[in-house]
Amino acid sequence: MENIQPLAIDGNNLDRPIIISGPCSAETEEQVLETARGLARAGVKIYRAGIWKPRTKPGGFEGVGIPGLAWLNKVREETGMKVSTEVANRGHVEAALEYGVDLLWVGARTSANPFAMQEIADVLRESGCDIPVLVKNPVNPDIELWIGALERLYNAGMTRLGVIHRGFSTYGRQIYRNHPQWRIPLELRRRYPNLPIICDPSHIGGKRELIASLSQQALDMGFDGLIIESHCNPDCAWSDKGQQVTPEVLSVILDNLVFRDAPVPTENLVHLRRQIDQLDNDLLEVLAKRMNVSREIGLFKRDHNMPVVQATRYGDIMTSRVLAAKAMGMSEEFMRSIFSSIHEESVRIQVELNK
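Residues numbered from 1 in each chain as written. Predicted model: local features only at pLDDT ≥ 70, side-chain atom pairs only at ≥ 80, totals over all residues. Heavy atoms only, no water.

What to know about the overall build of the chain
Within the chain, the secondary structure is distributed over 13 helices and twelve strands. When the backbone C-alpha atoms are referred to their principal axes, the chain occupies close to 75 × 45 × 40 Å. With 355 residues in all, the chain has 44% of them scored as buried. Contacts in the chain between residues far apart in sequence, at least 24 positions, make up 71% of those at least 6 positions apart. Counting every atom, the chain has about 18600 Å² of accessible surface; 53% of that belongs to carbon and sulfur. Taken together, the 41 basic and 45 acidic charged side chains of the chain have centroids lying 5 Å from each other. (Helix = DSSP H or I, 4+ residues; strand = E, 2+ residues; numbered from the N terminus. Buried < 20%, exposed > 50% of the residue type's maximum accessible area, 1.4 Å probe, protein only. Contact = heavy atoms within 4.5 Å. Areas by Shrake-Rupley, 256 points an atom, 1.4 Å probe, with all protein chains shown as cover. Lys, Arg positive; Asp, Glu negative; His and termini not counted. Charge placed at Lys NZ, Arg CZ, Asp CG, Glu CD.)

This is the structure in structure tokens:
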């Protein structure tokens, strides 16, 4: 994907940071236009609204469909904002293009489905237009699946591509609706430095009170923009009301964000980075020693016909290490991730010895 172009609409590059906002769902013409007027006053240039809504179970509100596209046209005419919506199949794309939607995005469920992505890519190729398309990360944390969705569009001639980081599905009670797993979009940025990355703090947090902090965190990591759900009356929204804010609240959030786009000399970081490099080397040496000990344990278990995995021992290690890490100022989640990976590698080594 070497020839990805800057995101542009009507030949004009989008401002940085890119701000996209609007309701989760287009519900009524009045709601769409009232929200748009508020967002226009807040300086938002790209309006979003879900026209078709994928629901987990049948029977819920699945979007107003094609009539909502006419409402988006009214938004464009009245406010001058560009308009965008989500597409998930051939019919959606064809209708959106017919009504002149300025920007499309592909949702997390769709990006996880190669058949659906190929269908969207095919109809865009047939249309002959190079409309900007943003691809949300799949629901599961699979960067290759995310890249594969992008490649299908790129191979179909789409060059104005970007991604939306909306977090990944979680199980059980969590702080976030969808866990951010920031390392995945950052790895995507490492592989494709020119690919615009937009953060969706509404879907990551799932709660309106988390939007501001998540937005700042994304901008601090160099993301190119934000897509934030906004509604003229969020508490009465027909979908995802808990994660939407009013245009007035959005304006306050945006006014208080710090945009760190000024070039900063890095000479003062050289010494600290050298320390990081040395500490990383020390970590590698310690890990190598630990794996050598695991190998010795594996040999003992093999010779004495003992099972490789001993759940009680693993539980004790995890509990004690997490408590120690928290006392040192590190997060429980971080330490569980670290020791889970270490344990997985230790088990792999010991299993190899038993082959």
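Comments concerning the nonpolar core
Y47, L124 and L153 are the most contacted members of the largest nonpolar core, which totals 67 residues. Top element by residues in this core is helix α6 (residues 143-155). It accounts for seven residues. For L153, the residues in contact, after removing those within four places along its chain, are M117, I120, A121, L124, V133, V135, M158 and L161. (Core = buried A, V, L, I, M, F, W, Y, C linked by side-chain atoms within 4.5 Å.)

Here we look at the side chain of S111
Relative to the helices and strands, S111 resides in helix α4 (residues 108-111). Those residues within four positions of S111 in sequence are excluded, and the remaining contacts are V106, M117, V135, K136, N137, P138, L145 and A149.

Some details on the pairing of strand β5 (residues 82-87)
Judged by how many residues are buried, β5 sits mostly within the fold: five of six residues are covered. Relative to β5, strand β4 (residues 46-48) runs parallel, the two being bridged by three bridges. Within the sheet, the bridge partner assigned to Y47 lies in β5 and is V83. Regarding topology, helix α2 (residues 67-79) serves as the crossover connection from β4 to the parallel β5, and that connection is right-handed. As judged from the four bridges shared by β5 and strand β6 (residues 103-106), these two strands associate in the parallel manner. If you follow E86 over to β6, its bridge partner there is W105. Regarding the hand of the β-α-β motif, the stretch spanning β5, helix α3 (residues 90-98) and β6 is right-handed. (Pairing = 2+ DSSP bridges. Right-handed = clockwise from strand over helix to strand, strands pointing away.)

Observations regarding the pattern of salt bridges
Per the stated rule, a full pass over the model turns up 19 salt bridges. Note that R90 and E126 form a salt bridge whose closest N and O atoms lie 2.9 Å from each other. Residue R90 is located in helix α3, and its partner E126 is located in helix α5 (residues 114-127); the two are separated by 36 residues in the primary sequence. The exposure class assigned to R90 is partly exposed, which follows from its relative accessible area of 28%. Among the salt bridges present, the one from R336 reaches E332, with a minimum N-O distance of 3.0 Å. (Salt bridge = Lys/Arg side-chain N within 4 Å of Asp/Glu carboxyl O.)

Looking at a negative patch on the surface
A grouping of D277, D280, D282 and E285 is seen on the molecular surface, where their side chains present a negatively charged patch. One can find D280 in helix α11 (residues 270-303). (Patch = residues over 30% accessible without salt bridge, like charges linked within 9 Å, V, L, I, M, F, W, Y side chains within 5 Å.)

Comments concerning the packing of aromatic side chains
In the structure shown here, the tally under the stated rule is two aromatic pairs. Ring centres of F61 and W238 lie 5.1 Å apart, and the angle between their planes is 90°; this geometry places the pair in the edge-to-face category. In this pair, F61 sits in the loop between β4 and α2 while W238 sits in the loop between β12 (225-229) and α10 (247-256), placing the two residues 177 residues apart along the sequence. Here F61 falls in the partly exposed class, since its relative accessible area comes to 23%. Assessed through its relative accessible area of 46%, W238 is described here as partly exposed. (Phe/Tyr/Trp six-rings, centres within 6.5 Å; stacked < 30°, edge-to-face > 60°.)

Topic: helix α1 (residues 29-41)
Under the 1.5 Å per step criterion, the end-to-end length of α1 is 19 Å for 13 residues, consistent within 8% with the ideal 18 Å. Buried within α1 are the following residues: Q31, V32, L33, T35, A36, G38 and L39. Structurally, α1 contributes buried residues whose contacts are with β3 (18-22), β4, α2 and α10. (Expected span 1.5 Å × (residues − 1).)

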